[in-house]
Amino acid sequence: MKTTRRDFIRGGVSAFTVTFAAPAFISDLARAQGANRRNLVILYLSGGNDALSTLIPYQDSFYYSRRPTLAVPAGSVLQVGADASGKALGLHPRLTGLKQIFDAGHLAIIQRSGYSNSSRSHFLGTDIWSTANTTNTTGSGWLGRYLDQLPNPAPPLAGWSAVGTVPHSLIGNYVTAPAIPNPAGYAFLSPNTGTEATYSRNAMTSIASHLPAERPQVAFVAGTAQSAMSTLDQVAAVASYAGTVTYANNGLAQALKAVAGAMVQGIGTKVFWVQTGGFDTHSNQGTNAANGTYANNMATVGDSLLAFHNDMKNRGLLNDTCVLVFSEFGRRITENGSGGTDHGAAGVMMAMGGLVNGGLYGTAASLNPDPQNPTLENNGGDVTFETDFRSVYARVIDNWLGVDSTGLLYGNFRKSSLSFI
Amino acid sequence: MSRTLRIAVFAALVLVFLPAVPAGARSQEADDATILHVLNRVAYGPRPGDIARVRAMGIKAYIEQQLAPEKIADPDVDRALSSFETLTMTTAELAEKYYRPLEQARREQQQKAAKDDKAMMAPDPNDPKNLPPEAQALRQNAQSVLQNLMQARMIRAVTSERQLNEVLVDFWFNHFNVYAQKGAVNEYLNEYERDAIRPYVLGNFRDMLGAVAHSPAMLFYLDNFQSVDPNMSARQQDERTRQVQQRLNNPRARMTAEQRERAMTQLEQAKKNAPRGINENYARELMELHTLGVDGGYTQKDVQEMARIFTGWTIDQPRGGGRFVFKPEWHDPNAKTILGETISGHGGVDGMREGERALDILAMHPKTAHHVAFQLAQRFVSDAPPASLVDRAAKVYLKSKGNLREVTRAILTSPEFFSVEAYNAKVKTPLDFVVSAARVTGATIVSAAPLVQALRANLGMPLYGCQPPTGYSTTADAWVNTGALLARMNFGLSLVSNQQQRAIRVNTLALAPDTSQATRDKLVDSILAGRISPTTSATLEKAPNSTQLLALLLGSPEFQKR
């Protein structure tokens with residue numbers, strides 16, 4: 001049963017216990033929360049990442065015939081072995097950072113992830129991945145629902161969006177997360193310090209903690225006034241964090257540095273939302289050019305993740321984080337007329353962390369355009385999904401966050417072969 | 001912040017549970033609440049004195065006046081914008097004066113870098129830091145074009161008498177979003193907003209749709225300028241290449257070996273980059289975002305057919321400040337079927353008629369009527385607008401053949417618009433907030449740079465800076481959170497404490513000569529039409545000085561809504 005906010009209020013405590021029924025789940029939750037610094041970091045590649053240029057089937061001759069200008073030469077891919085079906089695969093040559101993580105056994109790559117009848121719309125695709133619902137995309141986000149279930153009151157920084165808006169994924173039925181794109185800018189403009197500053201903040205807090213009765217998730221301050229105030233100091237501590245490695249001066253690397261800072265400071269954030277754009281590569285995709293769009297995207301992703309990985313390792317915190325990487329859809333197999341690729345279907349997901357069981361999961365598609373090819377759809381035009389993205393979510397929810405995934409995902413999407421964490 | 005405020009705020013917290021007298025419990029409340037509602041939606045909120053002005057002329061007359069912006073004199077805006085010469089320049093003029101000199105300098109720098117150091121360690125010529133000083137100046141010049149456009153947008157939003165027009169320019173630009181940072185789009189932005197959006201916001205939808213379809217900005221942003229008939233023969237494709245080659249081989253060309261080599265390299269590059277098939281980007285967003293909506297019932301096949309229809313709609317010199325051109329030799333001349341309707345194919349210049357026909361079909365489609373009506377109702381009424389209103393506005397759309405003045409009027413005069421549930425039902429976007437704060441404080445703008453900067457840096461809504469074609473979210477969920485509120489409070493404080501007074505000045509003492517009950521009541525009446533929560537009221541009561549009083553008011557939850 002899906003509990004709406006109205007039901008929640010009407011039912012009071014009894015409605016609450018419906019959600020929190022299973023004793024096993026409560027102990028799981030307690031265990032997961034016992035690890036205070038344990039978190040989930042979503043790295044969202046916005047625009048529809050071309051999965052076939054991330055994880056390259058470099059021995060598939062159709063990959064070259066269907067991508068005459070975009071195919072990456074076999075000699076330059078970063079080989080990661082073969083999957084269960086025997087298909088040889090390699091990472092994009094600019095993913096040297098990711099390759100190091102893979103070699104360390106901390107990167108799981110889940111091939112052909114998606115859902116049936118994949119949407120080619122940025123809007124709808126994003127909403128489907130956000131709500132974990134392929135039929136009704138107007139409801140709450142799956143991570144918001146996770147935050148909803150934290151013991152009340154949830155810490156105000158339980159969720160943290162590192163972009164300027166709150167992504168749909170993080171909007172729950174009862175709570176939302178702050179958008180803090182730049183921790184250094186997250187301070188009340190006040191010349192005061194120490195206890196004196198508390199007074200100025202009190203003004204902010206008292207004025208801001210006025211909750212709209214109908215939709216608490218769109219209140220400006222979630223949680224109690226007291227805890228809202230404490231976020232300022234916590235974020236200030238994050239802003240001053242100096243990593244043990246150098247993070248590049250780009251949005252993604254700096255956002256991951258903030259995540260690292262939050263972990264080191266132990267501010268209790270459970271879910272971070274980090275994203276990087278430029279993946280809607282309809283033209284001049286530049287998979288091979290030194291300064292190509294896609295090549296640069298890959299370098300940014302790989303290098304930023306490596307910096308984060310190494311920083312966490314140096315801090316002894318690598319086992320407390322799990323980064324989940326995905327995009328709203330993959331792209332068409334055959335390149336288009338302008339050196340790019342149009343919106344496609346299944347994509348690739350990745351998970352990174354100290355407790356991640358690294359390796360290749362699932363099998364690659366054959367790119368043979370034969371309409372009978374079972375690994376493709378749309379007349380051989382698109383890669384068809386093998387693993388439902390919600391099965392990946394389920395694994396993370398059950399085994400990492402310690403929550404019953406069937407409740408959060410409105411169904412059982414568990415897939416035992418997905419043993420990446 | 002002063003010490004007295006700190007004590008006062010502390011006291012306010014202690015007193016927060018004491019009942020506060022609602023400041024607006026006076027006879028004018030109902031009327032003023034309605035007037036404020038109208039000003040919050042039809043305009044970017046009130047300036048000092050606006051509520052009284054609308055009361056005097058009547059709400060109906062005010063809305064009608066705003067629906068006819070061409071009849072409203074706007075001398076302040078005219079004066080303020082007269083110094084921005086770039087606003088009225090054509091794309092070609094801008095290219096000539098601002099963009100080409102910079103490009104030339106960059107090219108020289110690249111060649112120099114290549115010559116200086118053939119090794120891989122050459123400094124990145126695309127990094128502005130590596131440009132020589134004279135090129136730095138050119139770069140700043142080129143950037144000033146976009147800066148002017150951004151500042152002009154803010155000056156108009158804050159000071160224009162044609163408020164509804166400005167609200168709609170933002171709405172329709174966002175509907176037909178393009179992103180300044182993609183390739184050459186920034187070179188076309190100036191003419192895009194001026195010539196494809198502004199003239200039509202209260203005109204006919206088909207006209208705006210057509211102007212956008214023909215605009216180099218959209219053609220570049222959604223890649224249609226590179227979309228060509230996949231069956232186009234190699235000979236035709238190489239036509240231009242051959243011509244260039246011929247020029248090179250002309251003995252009278254008198255080129256040095258080096259120049260010749262460079263030309264050949266460019267030629268090879270151009271050959272490699274030459275488009276070779278359809279690009280679906282524009283065709284898809286044309287249906288999903290611009291017209292039918294995501295649930296508009298079109299299929300992937302429709303997207304591909306639509307892309308074929310628009311093959312040949314391109315830009316003459318896309319990276320050189322060029323203009324729209326239809327290239328018959330790029331156009332797929334075969335018949336196409338979209339949304340169940342067959343469009344016969346045409347060779348030659350007639351091929352362009354197919355695209356016009358497709359735009360006709362899309363513009364008059366009931367799904368488009370519904371999509372446009374829904375979006376406008378969402379902007380003006382509530383995040384989830386009543387279906388009754390959307391259906392009625394969609395009918396007006398179809399009956400008037402896409403007359404946006406009629407559709408807008410239908411919404412602004414509807415009972416749903418004036419229903420009490422609609423009052424304060426919208427959360428301001430960062431843009432709404434910044435503009436309404438500058439208006440309500442009667443700020444004098446010498447330079448709008450601080451407003452532009454605030455939107456870019458801390459409020460997360462840079463002008464012309466939305467990368468995906470979906471545009472910025474206009475609903476509350478995306479914008480409401482603790483982090484956002486903090487940034488808004490900080491903006492409010494910096495505005496009323498005149499931290500950038502050489503650019504923007506607020507006459508704090510004229511607005512709030514003191515912090516007395518009478519002053520507070522007056523402010524709460526004029527800014528919030530008397531509607532204030534006990535919590536906010538109690539906090540304001542303890543404000544120690546005018547600046548803090550105004551800052552707290554701008555940061556209040558009530559002011560985040562419209």
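The model shown is predicted, which means the values in this text are computed figures rather than measured ones. (Residues numbered from 1 in each chain as written. Chains lettered and ligands numbered in written order. Predicted model: local features only at pLDDT ≥ 70, side-chain atom pairs only at ≥ 80, totals over all residues. Heavy atoms only, no water.)

S.K.: In this structure, what is going on with the overall build of chain A? I would like to understand it.
M.R.: Each helix and strand counted, chain A has 13 helices and 13 strands in total. Taken across its 421 residues, chain A has 61% of its residues classed as buried. Taking as baseline every contact in chain A between residues at least 6 positions apart, the subset at least 24 positions apart corresponds to 71%. In the structure as shown, chain A presents an accessible area of about 14,600 Å², 52% of it carried by carbon and sulfur atoms. (Helix = DSSP H or I, 4+ residues; strand = E, 2+ residues; numbered from the N terminus. Buried < 20%, exposed > 50% of the residue type's maximum accessible area, 1.4 Å probe, protein only. Contact = heavy atoms within 4.5 Å. Areas by Shrake-Rupley, 256 points an atom, 1.4 Å probe, with all protein chains shown as cover.)

S.K.: Would you explain the environment of A:N182 in this entry?
M.R.: With respect to the helices and strands, A:N182 occurs in the loop between β6 (159-161) and α8 (194-208). Separated by 19 residues in the primary sequence, A:N182 and A:V163 have C-alpha atoms spaced 8.3 Å apart.

S.K.: Would you take a moment to explain the nonpolar core for this structure?
M.R.: The nonpolar side chains of a soluble globular protein tend to be buried with one another. Within the largest apolar cluster, 146 residues are counted, with the highest numbers of intra-cluster contacts made by B:M154, B:W172, B:F176, B:Y192 and B:M306. Filtering out sequence-adjacent residues up to four positions away, B:W172 remains in contact with B:I197, B:V201, B:F205, B:M208, B:V372, B:L376 and B:L404. Ranked by size, the runner-up nonpolar core spans 56 residues in total, among them A:Y186, A:Y247, A:L305 and B:L486. (Core = buried A, V, L, I, M, F, W, Y, C linked by side-chain atoms within 4.5 Å.)

S.K.: Would you take a moment to explain the pairing of strand β3 (residues 78-82) of chain A for this structure?
M.R.: Residues in a regular strand project their side chains so that they alternate between the two faces of the sheet. All names here are of chain A. Where β3 and strand β4 (residues 88-91) come together, three bridges link them in antiparallel fashion. In the sheet register, A82 faces β4, and the bridge partner there is A88. The loop that links β3 with its antiparallel partner β4 comprises five residues; one of these, G86, has a positive phi angle of about 85°. (Pairing = 2+ DSSP bridges.)

S.K.: Teacher, can you tell me more about empty space enclosed by the protein here?
M.R.: Gaps left between atoms show up when a probe the size of a water molecule is rolled over them. All names here are of chain A. A complete count under the given rule lists 11 cavities of 30 Å³ or more for this structure. Roughly 190 Å³ of volume is contained in the largest cavity. Lining the largest cavity we find 17 residues, and of these A51, L52, L55, R112 and V383 sit closest to its centre. Counting only elements with at least two residues in the lining of the largest cavity, the list comes to α3 (51-54), β5 (107-114) and β9 (347-352). (1 Å grid on protein atoms, 1.4 Å probe; cavity = no way out; pocket = protein on both sides within 12 Å on 5 of 7 lines; lining within 4 Å. Points joined across faces, edges and corners; volume = space filled by probe spheres on them.)

S.K.: How do you make sense of the sheet that holds strand β2 (residues 55-56) of chain A when you look at a structure like this?
M.R.: The strands making up a sheet associate through backbone hydrogen bonding, with each pair oriented either parallel or antiparallel. Residues and elements named next belong to chain A. Pairing is antiparallel in the open sheet, where three strands are placed in the order β2-β4-β3. Single-partner strands in this sheet number two, and they are β2 and β3. Bridge count between β2 and β4: two bridges; the pairing is antiparallel. Its bridge partner being in β4, L55 is matched across the sheet by L91.

S.K.: Just to check I follow, could you spell out the packing of helix α7 (residues 133-159) of chain B against helix α22 (residues 449-457) of chain B for this structure?
M.R.: Helices that pack against each other are described as a pair by the angle of their axes relative to one another and the distance between those axes. Residues and elements named next belong to chain B. Closest axis-to-axis distance for the α7/α22 pair is 9 Å, and the angle between their directions is 100°. By the angle between their directions, the pair α7 and α22 is classed as roughly perpendicular. Across the interface between the two elements, Q147, M150, Q151, M154 and V158 of α7 pack against A449, L451, V452, L455 and R456 of α22. Classifying every residue of the contact of α7 with α22 gives seven nonpolar, two polar and one charged. (Axes fitted to C-alpha atoms, helices over the stretch in contact; angles between N-to-C directions. Parallel < 35°, antiparallel > 145°, perpendicular 65-115°, else oblique. Nonpolar A, V, L, I, M, F, W, Y, C, P; charged D, E, K, R; others polar.)

S.K.: Please explain unusual backbone geometry as it appears in this structure.
M.R.: Comment: phi is negative for the bulk of residues other than glycine, and the bulk of peptide bonds are trans. The backbone phi angle of A:Y410 is positive, close to 55°, even though this residue is not glycine. Within the secondary structure layout, A:Y410 lies in the segment after α13 (405-408). Of note, the phi angle at B:Y464 is positive, near 55°, even though the residue is not glycine. Along the chain, the position of B:Y464 falls in the loop between α22 and α23 (476-479). The exposure class of B:Y464 is buried, given its relative accessible area of 4%.

S.K.: So what exactly am I meant to see when it comes to the confidence of the model for chain B here?
M.R.: In regions of low pLDDT, the predicted coordinates are not meant to be interpreted in detail. Averaged over all residues, the pLDDT of chain B equals 87, while 87% of them reach at least 70. Below pLDDT 50 for its whole length, residues 1-30 of chain B participates in 51 contacts with residues either more than four positions away or in separate chains. (pLDDT = per-residue confidence, 0-100.)

S.K.: Help me understand the pairing of strand β8 (residues 321-327) of chain A, please; the structure alone is not making it clear to me.
M.R.: Residue and element names in this part refer to chain A. The element β8 is extensively covered by neighbouring structure, given that seven of its seven residues are classed as buried. Here β8 shows a buried face lined by T321, V323, V325 and S327 and a second buried face lined by C322, L324 and F326. Where strand β1 (residues 39-45) meets β8, seven bridges bridge the pair, whose relative direction is parallel. Each residue of the ladder has a partner; that of Y44, found in β8, is F326. Relative to β9, β8 runs antiparallel, the two sharing three bridges. In the strand pairing of β9, V323 is matched with M352.

S.K.: Looking at this structure, I do not really get the side chain of B:H331. What am I missing?
M.R.: Residues and elements named next belong to chain B. Here H331 lies in the loop between β2 (324-326) and β3 (336-338). H331 sits in the buried class, given a relative accessible area of 4%. Side-chain polar atoms of H331 contact the side chain of E354, separated by 3.0 Å. Apart from residues no more than four positions distant in its own chain, H331 is found in contact with D229, R308, I309, T311, G312, F326, K336, H346, G351 and E354. (Polar contact = N/O pair within 3.5 Å; in protein donor to acceptor, adjacent residues only side chain to side chain.)

S.K.: Can you walk me through the packing of aromatic side chains in this structure?
M.R.: The way to describe two aromatic rings as a pair is by their centre distance and the angle between their planes. Under the counting rule described, the total for this entry stands at 28 aromatic pairs over all chains. With a centroid separation of 5.4 Å and an interplanar angle of 90°, the aromatic rings of B:Y282 and B:F310 are classed as edge-to-face. Within this pair, whereas B:Y282 is found in helix α15 (residues 281-290), its partner B:F310 is found in the loop between α16 (300-309) and β1 (313-315), the two being separated by 28 residues in sequence. The exposure class of B:F310 is buried, given its relative accessible area of 1%. Through successive ring pairs, a cluster of aromatic residues spans A:Y44, A:Y115, A:W129, A:W142, A:W273, A:F326, A:F389 and A:Y393. (Phe/Tyr/Trp six-rings, centres within 6.5 Å; stacked < 30°, edge-to-face > 60°.)

S.K.: What's the story with the packing of helix α8 (residues 163-175) of chain B against helix α18 (residues 366-380) of chain B in this structure? I'm lost.
M.R.: Residue and element names in this part refer to chain B. It is the contact of α8 with α18, at a shortest axis distance of 12 Å, that shows an interaxial angle of 130°. Accordingly, the angle class assigned to the pair α8 and α18 is oblique. Every pair of crossing elements has a handedness; the one defined by α8 and α18 is right-handed. Contacts between α8 and α18 pair L164, V167, L168, F171, W172 and H175 from the former with H371, V372, Q375, L376, R379 and F380 from the latter. Looking at the contact of α8 with α18, its residues break down into eight nonpolar, three polar and one charged. (Left-handed = near helix turned anticlockwise from the far one by under 90°.)

S.K.: When you look at the pattern of salt bridges in this model, what are you seeing that I'm missing?
M.R.: Pairs can form between side chains of opposite charge whenever their charged atoms are close. Taken as a whole and judged by the stated rule, the model has 43 salt bridges over all chains. Between B:R79 and B:D76 there is a salt bridge; the shortest N-O distance is 2.7 Å. Note that B:R79 and B:D76 are positioned in helix α5 (residues 75-81) at a spacing of three residues, about one turn of the helix. On the basis of relative accessibility, which here comes to 56%, the residue B:R79 falls in the exposed class. Taken together, the shared-partner salt bridges in this structure form one network comprising A:R120, A:R332, A:D382, B:E280 and B:R284. (Salt bridge = Lys/Arg side-chain N within 4 Å of Asp/Glu carboxyl O.)

S.K.: What should I look at first to understand helix α19 (residues 387-399) of chain B in this one?
M.R.: Residues that lie three or four places apart on an α-helix share one face, since the helix turns once every 3.6 residues. Residue and element names in this part refer to chain B. Helix length check: α19, at 13 residues, gives a terminal C-alpha distance of 18 Å against a target of 18 Å (1.5 Å per residue), a fit within 8%. Within α19 the residues assigned to the buried category are L389, V390, A393, A394 and Y397. Along the long axis of α19, the arc covered by the buried residues comes to 130°, so they all point the same way. Facing away from the buried side of α19 by more than 90 degrees, the exposed set consists of A387, K395 and K399. Buried residues along α19 sit against α10 (205-213), α17 (352-363), α18 and α20 (404-412). (Expected span 1.5 Å × (residues − 1). Arc of directions from axis to C-beta.)

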